[in-house]
Amino acid sequence: MSLTAQEKWALEAPASVKWSRVILGGTYLFSTDKGLHAIDTESGKLLWTRADLGKLLEFNIEEVAGIPLLFIAENSSRFSNNSSLVAISLETGEDVWKTEKMKGVLIDLVGHRAENLVVALSCEFAGNKVPVRYMGFDMATGQVRFEGAIKDKADLYINEKSGKFMPRVDLDGHAQPTFEDGAMYLAYAGLHKIDTKTGNVLWGAPFDVTEGHYKRTNSSPVVDGGLVYSSAKGIVRAFDKANGTLKWTSSDFGAAIPEILVRNNLVIARMGGTYFDSSKREFELKKPLGIVALDSGSGQLKWRYDGAKESTTNMVYDAPSNTVMIADARALVGLKADAAGGAKEAFRVPLEFKAKSSGGKKAAKMAGKFALGGVRAMARKDNSEEDFPLALVPRQNGTVVVRAKQHLLSFKPATREIAWGVEYKAPGLPGWQKLATTAAFAMAYYMNTGTALNTQLGTSSNTLANNMRQDNISGMFGAWSKRFSAANATFNYAYMLTDVEMDNKGAPGIVGVNLDSGETEQEVVFNDREPDYVVDELHGIVVRTHKSGKQIVASSLR
């Protein structure tokens with residue numbers, strides 16, 4: 001199979017590709033009726049094939065960020081109340097360990113590298129609201145460390161990777177658990193603290209946490225000092241860490257609260273945002289939009305910012321200036337965290353693009369603002385220019401990237417200046433809005449995950465002990481673990497869907513943008529109106545097939 005200058009490798013699958021994905025460390029997985037296959041994305045080398053895993057459904061595959069294992073739920077279906085968990089080496093494809101039959105169906109899997117721990121969550125199906133069982137396994141050996149159950153019932157969400165006619169439901173729409181100081185905090189049915197040595201429920205506080213079919217509307221539990229903070233349905237709660245006593249409850253702010261930061265005796269919480277509706281399988285905007293700051297000890301409202309216009313991103317805290325940054329449809333705003341008597345803006349920078357010379361033909365040489373309209377355009381079938389900021393991504397060099405579906409902008413908090421800004425034409429692809437929105441959130445996820453894997457973010461404060469545990473992981477998995485631990489070193493690019501100019505015509509494609517300069521360094525034309533593609537964010541490689549096709553082609557994006 002001949003390759004173009006851009007293409008790194010190509011191969012023909014043994015049968016039609018049913019689904020594919022890229023693991024964070026740089027492995028391309030694809031499934032056919034003849035097996036599950038793993039390819040090294042950089043070289044195109046076949047790492048392994050498991051013929052016994054042919055016809056495997058994607059929602060039976062689980063990965064845990066930073067762990068070089070692939071987890072497969074066996075005999076897991078809506079009509080089965082037994083399952084087992086198999087851990088496969090991503091390097092060799094061989095079984096590392098396998099559990100005995102577990103009671104119930106696997107509905108989520110979470111990992112904690114600092115404790116070498118993987119926790120399987122399961123239930124016995126009896127509707128869409130169920131008690132949750134949990135079982136903790138040693139990551140390297142599969143030995144059971146603890147098990148138990150929460151009697152309070154949790155809502156289940158439709159998994160978008162399952163079929164429309166026989167949808168699978170799981171816990172994916174809930175806030176992720178938090179691990180801290182030998183405990184696991186679960187926010188599936190209120191807030192429950194689990195002892196990770198015994199599996200005992202140390203305390204529990206049941207309350208409703210579900211905003212209809214919207215996913216990830218609540219913050220993961222935040223542990224600070226002697227208190228644990230949780231959010232649900234527009235309300236923030238603080239609990240005594242030791243015994244679970246409710247210390248205070250905030251007012252109902254009327255919107256989902258997906259983020260909580262605790263800084264300098266303040267609980268800073270974001271209201272509203274863009275969420276995925278699992279029933280409609282679309283992203284939607286939920287209001288009101290803004291930020292509230294509460295006294296961490298009493299819950300007293302210190303200030304409230306309601307100035308976000310038509311959109312809101314995640315928050316980014318800038319410690320040197322003690323400001324909280326957020327972007328809406330019109331501006332990037334810095335709010336003084338220590339404000340008294342009401343919200344006070346430290347700065348407001350219009351989201352404008354500086355005229356610049358871009359390395360790509362698609363980058364706009366303009367000085368215009370982000371176009372207005374955004375999320376509402378997702379429901380329409382046109383190629384509207386409306387585009388709202390979706391994510392703020394802090395970088396190690398101190399800059400913050402503002403990401404929208406078709407816009408990128410780099411901001412310098414120290415000088416409060418825009419370094420560069422580029423805009424890309426909407427591609428002529430069916431459903432591109434959903435693809436681009438997902439890509440924006442994925443960029444933020446991968447960058448934040450890469451940082452967390454290397455800084456122990458969210459783990460206990462005992463750095464020495466954590467480092468020792470990380471050394472154990474490296475010893476277990478050798479060089480393959482180093483491949484994962486290097487994940488945050490090369491996240492210097494963003495990948496944008498756009499129309500690429502070819503023979504004086506536009507064709508759907510994807511471009512790689514250098515986040516240091518804003519320059520477009522590489523472009524790949526799909527030559528396909530219905531491409532099935534995935535991007536290896538770590539190595540800057542796009543791997544694509546045609547829907548139900550056999551040919552697989554990888555191209556470099558930088």
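Anything mentioned here points back to the structure above.
Here goes a summary of the coordinates provided. Source: prediction; values computed, not measured.

1. Topic: the overall build of the chain
Logical step 1: On a plain count of helices and strands, the chain comes out with three helices and 42 strands.
Logical step 2: A total of 558 residues make up the chain; the buried ones form 60% of that total.
Logical step 3: Contacts spanning at least 24 positions in sequence make up 49% of the contacts within the chain whose residues lie at least 6 apart.
Logical step 4: About 22500 Å² of surface is accessible on the chain, with carbon and sulfur atoms providing 48% of the total.

2. Focus on the pattern of salt bridges
Logical step 1: On inspection of all chains with the given rule, the structure shows 22 salt bridges.
Logical step 2: For Lys215, the salt bridge goes to Asp172, with nearest N and O atoms at 3.1 Å. Of this pair, Lys215 sits in the loop between β20 (201–205) and β21 (222–224) while Asp172 sits in the loop between β16 (169–170) and β17 (178–180), placing them 43 residues apart in sequence.
Logical step 3: Here Asp172 and Arg216 are joined by a salt bridge, their closest N and O atoms 3.1 Å apart.

3. Description of the sheet that holds strand β19 (residues 191–195)
Within a beta sheet, neighbouring strands are joined by backbone hydrogen bonds and run either parallel or antiparallel to one another.
Logical step 1: Pairing within the open sheet is antiparallel, and its four strands lie in the order β17-β18-β19-β20. Among the strands making up the open sheet, the edge pair consists of β17 and β20. Each adjacent strand pair in this sheet contributes to an overall mean axis angle of 15°, direction not counted.
Logical step 2: Direction of pairing for β17 relative to strand β18 (residues 183–186): antiparallel, over a ladder of three bridges. If you follow Thr178 over to β18, its bridge partner there is Tyr185.

4. So, the environment of Gly142
Logical step 1: Among the structural elements, Gly142 can be located in the loop between β13 (129–138) and β14 (144–155).
Logical step 2: By relative accessible area, which is 14% here, Gly142 ends up buried.
Logical step 3: Spatially, the C-alpha atoms of Gly142 and Leu117 are 9.2 Å apart, while their sequence positions differ by 25 residues.
Logical step 4: If sequence neighbours within four positions are ignored, Gly142 has contacts with Trp97 and Phe137.

5. Points about the sheet that holds β21
Logical step 1: Taken together, four strands build an open sheet; the order of strands is β21-β22-β23-β24 and the sheet is antiparallel. Sheet topology places β21 and β24 (246–249) at the edges, where each strand pairs with a single neighbour. Each neighbouring strand pair of the sheet contributes to a mean axis angle of 20°, computed without reference to strand direction.
Logical step 2: Two strands pair when backbone bridges link them, and strand β22 (residues 227–232) and strand β23 (residues 235–240) are joined in this way by six bridges, in the antiparallel orientation. Note that in β23 the partner of Ser231 across the bridge is Val236.

The rules we used
- Residues numbered from 1 in each chain as written.
- Predicted model: local features only at pLDDT ≥ 70, side-chain atom pairs only at ≥ 80, totals over all residues.
- Heavy atoms only, no water.
- Helix = DSSP H or I, 4+ residues; strand = E, 2+ residues; numbered from the N terminus.
- Buried < 20%, exposed > 50% of the residue type's maximum accessible area, 1.4 Å probe, protein only.
- Contact = heavy atoms within 4.5 Å.
- Areas by Shrake-Rupley, 256 points an atom, 1.4 Å probe, with all protein chains shown as cover.
- Salt bridge = Lys/Arg side-chain N within 4 Å of Asp/Glu carboxyl O.
- Pairing = 2+ DSSP bridges.
- Axes fitted to C-alpha atoms, helices over the stretch in contact; angles between N-to-C directions.

It is worth stressing that arrangement in space is one thing and function is another; only the former is reported here.
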